[in-house]
Amino acid sequence: MNGFLENWAQSAYTSVGLFWMALWAFILGYALSSLIQVFVTERKMQKTMGGSGAKSMGLGTFFGFISSSCSFSALATTKSLFQKGASFSASIAFLLASTNLVIELGIVISIFLGWQFVVGEYVGGLLLILFSWILIRIIRPKKLIESARNNLGKAENEQKAEKSFKSRIHKAENWKKVGRKYVMEWDMVWKDVTIGFTVAGIVAAFVPNSFFQTLFINTGEGRESFSSLTLLQHVIIGPIAAFLTFIGSMGNIPLAALLFGKGVSFAGVMAFIFSDLVVFPVLRINATYYGWKTSLFILFLLFSSLIVAALILHYGFDILGILPSPSNVDLSNQDHFKIDYTFFLNLAFLGLSGLLVYLGFYWKKGEQNHHHHQMAPKSKIMERTLKYLAFAAYAWLFGGMFVWGFIL
């Protein structure tokens, strides 16, 4: 019994500590995302993404980079851009960039995994876009694209004229919109983040290393050399592991750090991180938008591209001598709550978060629906399940921290 209580306490302490380490990064990332969503209009994006050449791909990538990292938001915006005239290739570029190249994701990765993984995330994100573009140009799925457009139907005409950036930034009402967007960003991800950090703590405390050595062949703590066959198995199992977690990209980062600390290869961990768009909820939403054939084609594009990108990153970093070492990642044996730069950054950004939440809750009801942040249609059963799991995670964390503070 004492052994279970110790593991429970260690699990909760690790989960809460990991979230505390990343809190300021989440606030900064979602604040930046909210600013961009308010002051960079969707109409401006779709006007420049109509072609399938390098220029449209570059613009799609750029607009994705400055967009939201929430997968469901990215899916909805991608659908809207495609429906309003953006090419299929540019839409895929936007989708991949808005979930792999965004600023907040890089900040969180740097906290848990280090600079090599940040470089891998951004370079790998560009490789994903490049390989997807190449595959689309080779396969030329014209019938699938036409079918997808027919599935969506015609977009409604927007009558409202665009105002200049300068006039929008000086309007007080737009800053209320920023606050509302910020609240909605958290509303979109709180379940994934809660479950992701809780699962990371549970796995760190309860799951033996032998499990990871069975799931990912030829792994072990301290192992840094892998055969080509081992790397191939890792980059295939990584997406499967992500598929089973059903957790979004931000919530998956502590799990990725845990996998790397347990000896999974750099390629396998990068494939795991890249897999936020190959999970079943995303597959189902794309099928709702475009039809199952197009959804499965997108799955094929992304899965093939992430495998190649992850392997290229691993071999490239190995040649350059900058492969990260698993010994630098330890999630369980850390003093997460010491008075250091993280403590003061969290205090400062909690103040900013309070201001944005204040603005968000003073949103005028009459304008809320008109500017509502577009989201992909979620499964009610899935959302209800995630909500219950999140509440169960809170109960687990509160209980574990009580054991940590008052029993042990």
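Coordinates for the structure precede this section.
What you see is a predicted model; the values in this text were computed from it and never measured.

A. A look at the overall build of the protein chain. Looking only at helices and strands, one finds 19 helices and zero strands in the protein chain. Taking all 408 residues of the protein chain together, 54% fall into the buried category. A fraction of 86% describes how many contacts in the protein chain between residues 6 or more apart in sequence connect residues 24 or more apart. For the protein chain, the exposed area adds up to about 18,400 Å²; of that, 65% sits on carbon and sulfur atoms.

B. Local environment of the environment of V357. Turning to its location among the elements, V357 is positioned in helix α17 (residues 341-361). On the basis of relative accessibility, which here comes to 28%, the residue V357 falls in the partly exposed class. Sequence-wise, V357 and Y182 are 175 residues apart; in three dimensions their C-alpha atoms are separated by 7.2 Å. Sequence-distant contacts of V357, that is, excluding residues within four places in its chain, are made with Y182 and V183.

C. Expanded view of the pattern of salt bridges. Summed over the entire model, instances satisfying the criterion amount to one salt bridge. For K176, the salt bridge is made with E173, and the minimal N-O distance between the two is 3.9 Å. Residue K176 and its partner E173 are located together in helix α10 (residues 172-206), separated by three residues, close to a single helical turn. Judged by its relative accessible area of 25%, K176 falls in the partly exposed class. Residue E173 is classed as buried on the basis of its relative accessible area of 13%.

D. View of the packing of aromatic side chains. Under the defined criterion, the tally for this structure stands at 23 aromatic pairs. Each ring, one from F4 and one from W8, has its centre 5.9 Å from the other, and the planes form 40°; the classification is tilted. Of this pair, F4 and W8 are both found in helix α1 (residues 2-39), four residues apart, which corresponds to roughly one turn of the helix. For F4, a relative accessible area of 37% gives the class partly exposed.

E. Seen up close, helix α16 (residues 292-320). Between its terminal C-alpha atoms α16 stretches 41 Å, which fits the 42 Å expected from 29 residues at 1.5 Å a residue. Once α16 finishes, G321 follows within two positions and takes phi at roughly 75°, a positive value.

F. Here's a closer look at the environment of F297. Along the chain, F297 falls in helix α16. Given a relative accessible area of 9%, F297 falls into the buried group. Along the backbone, F297 and P141 are 156 residues apart, and their C-alpha atoms lie at a distance of 9.0 Å. Excluding anything up to four places from it in sequence, F297 contacts F88, I139, P141 and L144.

G. Just the side chain of S325, in detail. Inspection of the secondary structure assignment puts S325 in the loop between α16 and α17. Ignoring any residue separated from it by four or fewer positions in sequence, one finds S325 in contact with E224 and F260.

H. Summary view of the side chain of Q116. Summarising the element assignment, Q116 is placed in helix α7 (residues 115-139). Setting aside residues up to four positions removed in sequence, Q116 forms contacts with F266, F317, I322, L323 and P324.

Reading the values: the criteria
- Residues numbered from 1 in each chain as written.
- Predicted model: local features only at pLDDT ≥ 70, side-chain atom pairs only at ≥ 80, totals over all residues.
- Heavy atoms only, no water.
- Helix = DSSP H or I, 4+ residues; strand = E, 2+ residues; numbered from the N terminus.
- Buried < 20%, exposed > 50% of the residue type's maximum accessible area, 1.4 Å probe, protein only.
- Contact = heavy atoms within 4.5 Å.
- Areas by Shrake-Rupley, 256 points an atom, 1.4 Å probe, with all protein chains shown as cover.
- Salt bridge = Lys/Arg side-chain N within 4 Å of Asp/Glu carboxyl O.
- Phe/Tyr/Trp six-rings, centres within 6.5 Å; stacked < 30°, edge-to-face > 60°.
- Expected span 1.5 Å × (residues − 1).

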